[in-house]
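# A look at the structure
Below, each chain spelled out in residue letters.
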Amino acid sequence: MTTPPVRRTMIQPEAGGLGASDTGASDIVRVAATLVSAAVIIAALYYGQDILIPLAFAFLIGFALNPLVMWLRRRGLPKVIAIATVMTVVLVLLGGLFLVLGTQLRSLGEQLPTYQSTIHGKINDLKAQFRAPGMLDGALNAIASLQKEVEAVQGSEAQRVEVVSAPGTQLQVALIWLGRVLEPLATAGIVLVFVVLALLDRTDLRDRLLRILGGNLHRSTDAIEDAGRRISRYLLMQLVVNTTFAIPLALGLWLIGVPGALLWGVVAAVLRFVPYVGALISAIFPLALAFAVDPGWHMVLWTLALIAGLELISNNFVEPMLYGTSTGLSAISLIAAATFWTALWGPVGLILSTPLTVCLLVLGKTLPQLQFLDTLLGSVPVLSPAERIYQRLLAGDVDEAIEIAEGEIETLAVTPFYDSVGISVLRLAHDDYGRQATAAHRLRVAEGMEALLEELREEHPAADATASSPKVVCIGGKWEIDAIAAEMLAHALGLEDIPAQTRRVAHVTANSVARLDLDRVPVVCINYFSSEPDGAARQFCRRLRQRWPELKIVVVLWTVSPEALASGAPEAIGAEEIATSIQEAIGRVQRLLPEMAGEPVGAEAPANDAERVAALAGTGFLDEALRDDLDAIAKRAADAFDVDVAMISAIDAEREIVIGGSKELSGFGRDEAGRPILPRRAAICDYVVAGGETLVVADTERDARFTDNPVAKTWGLRFYAGAPLRSADGFVLGALCILDAEARTLDQREKQLLEKLAGDVVETISRKEADSSAQQQAEPEAEASATVGQQVPE
């Protein structure tokens, strides 16, 4: 009998076991290092507060005074003289204020003895009222007797011993009091020196801070500018809010008859720089004085009503209007920051909490390692509206999802909401379909979106497509989210007065397609959420063509990027048009509908177009002498935005006239001065004139208004952005526009920069007009002087 061979197997480690262990250990080390670093920083802030607090105050005051210094320097004063002037003015104002306040305090001190009888009388009245029998007397007496028994037991067991230190000599007492007085004065002196040094070495300090931030110089510069802008705006708005509170408070206290009204107004203005508690402390002084002055209660009640009314107005109207999002901090982060800095540095930390936290927020926006600070402290929502709605649907909270949607629609309107938020929700559902979503999640999203769309259809009714045959039928291509997208598109079409219906098809078979009943429907929109929809879309279009040969088909591809679409994509699928967004689909449908196909192309002229054209003729916009200056501005815009072309155009009654460009433009007609011109109906800039605001077209090929535009076709351009050229009378006479062969977009800051350059164009033209007018006035005067000189006898 043979022994079977022993099978030797090597025990393989689980895949990723060792790597996962290493990763877990490294994560623990990283977290521990972060906690240790945070502890060291907090300890340094706490133990170094004697140095850091004066520095923080100095930089804060420097932020407030630097605009004044820069204003004087722009007037031609040297830096040292400008700083000395500002500091002298500030010290004189502070000295005068302290003098006035000292006079008020001395006057109040002299009058206080006269208020003693009033105070004693009111206190006695209050005692008498509290001594009267009441409903809580029994409970209070029981508590008092119990307290006496406890004290008796404690007295029998132990005796209380108090150690009293021996009084020091007069010199020691004097030194103690002198130290208490000199300590704040010394701190104020240190702050003053730091302020002067910060103003003198502002540029050097900025350079050193840029070096500390390191990395990208552009990003660091933006961070410093952002922090300075936020802190300066916060301080300015705080000063305005405190002043608008203090002035009516002082006036009201004077009318009521409270002594020292000016003093209490100034105290309120100063103490309100202390968040949260400053307003409460400033209210105590006038209320206590009103209590002491008036034998009755009318003055106290009027003072209380005045302070409460001003607080309500300031908190609910003035502060929201002025502050806005000046700091960029959320409300809860402001409270948490106030608590943290107060615990660390005491009352001074409470005053500095907001500026210091703003600096931390900017660091979080700038440094990737500290990005969590931006998430924790910032006021900007960390989830986009689409992510918020999607999460609420996953959680089954349909009501809150509807509430978020309604809030977005108040800002965007329904169709832009569908484009930017609604379709994005479906994209999130599509991306998670086969990876993370469970069956319950998919069902919640589908049912929740149905409920949300039903609510929106009721709140925002569209054109009724049930009474007559619809102009458009929207169909989901394959999945449930395709059908939901079709419902969004149908509702958006109805809001554009295009009656539309949705119909469902389970399978793309001949019988299923026949049941769609499209006999009198001119246009069909098929919706697909698929990364590779070509085969399914081609089959669906072929089935529709076989049944209804004259049918116009628009295929809407929600997950295919516009850049991935080739120029012949519609023909390859078998459709007339392809769209990738709600707005584009609406434009494509309008082009295909028979009743809209003959409408003129181009922007609708503004109501005051005749006056606008007359104003253009009366300005120097068409002056040929401006060409070089305007070409320079156009080249600057093209370089700044890194685009192919920038041009400046004026729009008259029938034409667009290019009055400045970054390069020589070809493919257009020319006017008598040799400038490029084209018909107004073909001018994209005419949409800027019609709308009166900046227009950004991310991709002209995906915007039905500009798909066949001759400018875009001639130059092969896909991106357009134009800012209006607005005259002093408010007429939009033309536009400064930038164009590029690549699709792109502009953020808000870039739009503001483009608008600033448009303002430079108008300013250049206006300055040239003023110079020409002055020259024309000077020529007759020179001729008259020459004539008089010739008539004077020798």
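Residues numbered from 1 in each chain as written. Predicted model: local features only at pLDDT ≥ 70, side-chain atom pairs only at ≥ 80, totals over all residues. Heavy atoms only, no water.

## With respect to the overall build of the chain
- Counting secondary structure elements, the chain contains 29 helices and twelve strands.
- For the chain, buried positions account for 38% of its 794 residues.
- Counted over contacts in the chain with a minimum sequence separation of 6, partners at least 24 positions apart contribute 69%.
- Surface accessibility of the chain: about 45900 Å² in total, with carbon and sulfur atoms responsible for 60%. (Helix = DSSP H or I, 4+ residues; strand = E, 2+ residues; numbered from the N terminus. Buried < 20%, exposed > 50% of the residue type's maximum accessible area, 1.4 Å probe, protein only. Contact = heavy atoms within 4.5 Å. Areas by Shrake-Rupley, 256 points an atom, 1.4 Å probe, with all protein chains shown as cover.)

## Here's the deal with helix α23 (residues 582-592)
- Judged by how many residues are buried, α23 sits mostly within the fold: eight of eleven residues are covered.
- Listed in full, the buried residues belonging to α23 are Ile582, Glu584, Ala585, Ile586, Gly587, Arg588, Val589 and Leu592.
- Among the residues of α23, the N-terminal cap falls to Ser581, whose side-chain oxygen and the backbone nitrogen of Glu584 are separated by 3.2 Å. (Polar contact = N/O pair within 3.5 Å; in protein donor to acceptor, adjacent residues only side chain to side chain.)

## Things to note about the sheet that holds strand β12 (residues 732-740)
- The seven strands lie next to each other as β8-β9-β7-β6-β12-β11-β10, forming an open sheet whose pairing is antiparallel. Because the sheet does not close on itself, it has two edges, and the strands there are β8 (669-670) and β10 (695-697).
- Bridge analysis of strand β11 (residues 719-726) against β12 gives eight bridges, and the strand direction is antiparallel. Counted as the bridge partner of Leu725 is Gly734 from β12.
- Strands β6 (645-651) and β12 of the sheet are contacted by helix α25 (residues 609-617), whose axis makes an angle of about 85 degrees with β12.
- Together, β6, β7 (655-661), β9 (676-679) and β12 form the strand contacts of helix α26 (residues 627-641), whose direction differs from that of β7 by roughly 80 degrees. (Pairing = 2+ DSSP bridges. Axes fitted to C-alpha atoms, helices over the stretch in contact; angles between N-to-C directions.)

## Some details on the packing of aromatic side chains
- Enumeration according to the criterion identifies nine aromatic pairs in this entry.
- Through a chain of ring-to-ring contacts, three or more aromatic side chains come together here, namely Phe340, Trp341 and Trp345.
- A cation sits over an aromatic face here: Arg272 above Phe245, 4.1 Å from the ring centre.
- Positioned over the ring face of Tyr433 is Arg442, at 4.5 Å from the centre of the ring. (Phe/Tyr/Trp six-rings, centres within 6.5 Å; stacked < 30°, edge-to-face > 60°. Lys NZ or Arg CZ within 6 Å of the ring centre and 35° of its normal.)

## Concerning the nonpolar core
- Ranked by internal contacts, the top residues of the largest apolar core, which has 48 residues, are Ile389, Tyr418, Leu426, Val472, Met488, Leu493 and Ile582.
- In terms of residues, this core owes the most to one element, helix α19 (residues 480-495), which gives nine residues.
- The contact partners of Tyr418, leaving out residues within four places of it in the chain, are Ile423, Leu453, Leu456, Met488, His491, Ala492 and Ile582.
- Counting residues in hydrophobic clusters, the runner-up holds 32 residues, among them Ala646, Ile659, Val761 and Ile765. (Core = buried A, V, L, I, M, F, W, Y, C linked by side-chain atoms within 4.5 Å.)

## Some details on the side chain of Asp631
- Inspection of the secondary structure assignment puts Asp631 in helix α26.
- For Asp631, a relative accessible area of 15% puts it in the buried group.
- The contacts of Asp631, once residues within four sequence positions are left out, are Gly660 and Gly661.

## So, α19
- With 16 residues, α19 ought to run about 22 Å at 1.5 Å a step, and its terminal C-alpha atoms sit 23 Å apart, in line with that.
- Trailing α19 by a residue or two, Asp497 shows a phi angle of about 65 degrees, which is positive. (Expected span 1.5 Å × (residues − 1).)

## Focus: the packing of helix α8 (residues 217-256) against helix α9 (residues 261-271)
- With their axes 8 Å apart at the nearest point, α8 and α9 run at an angle of 160 degrees to one another. Compared by their axis directions, α8 and α9 come out roughly antiparallel. Note that α8 runs across α9; the crossing there is right-handed. For the pair formed by α8 and α9, the contact residues are Asn242, Phe245, Ala246, Leu249, Ala250, Leu253 and Trp254 on the first element and Ala261, Leu262, Trp264, Gly265, Ala268 and Ala269 on the second. (Parallel < 35°, antiparallel > 145°, perpendicular 65-115°, else oblique. Left-handed = near helix turned anticlockwise from the far one by under 90°.)

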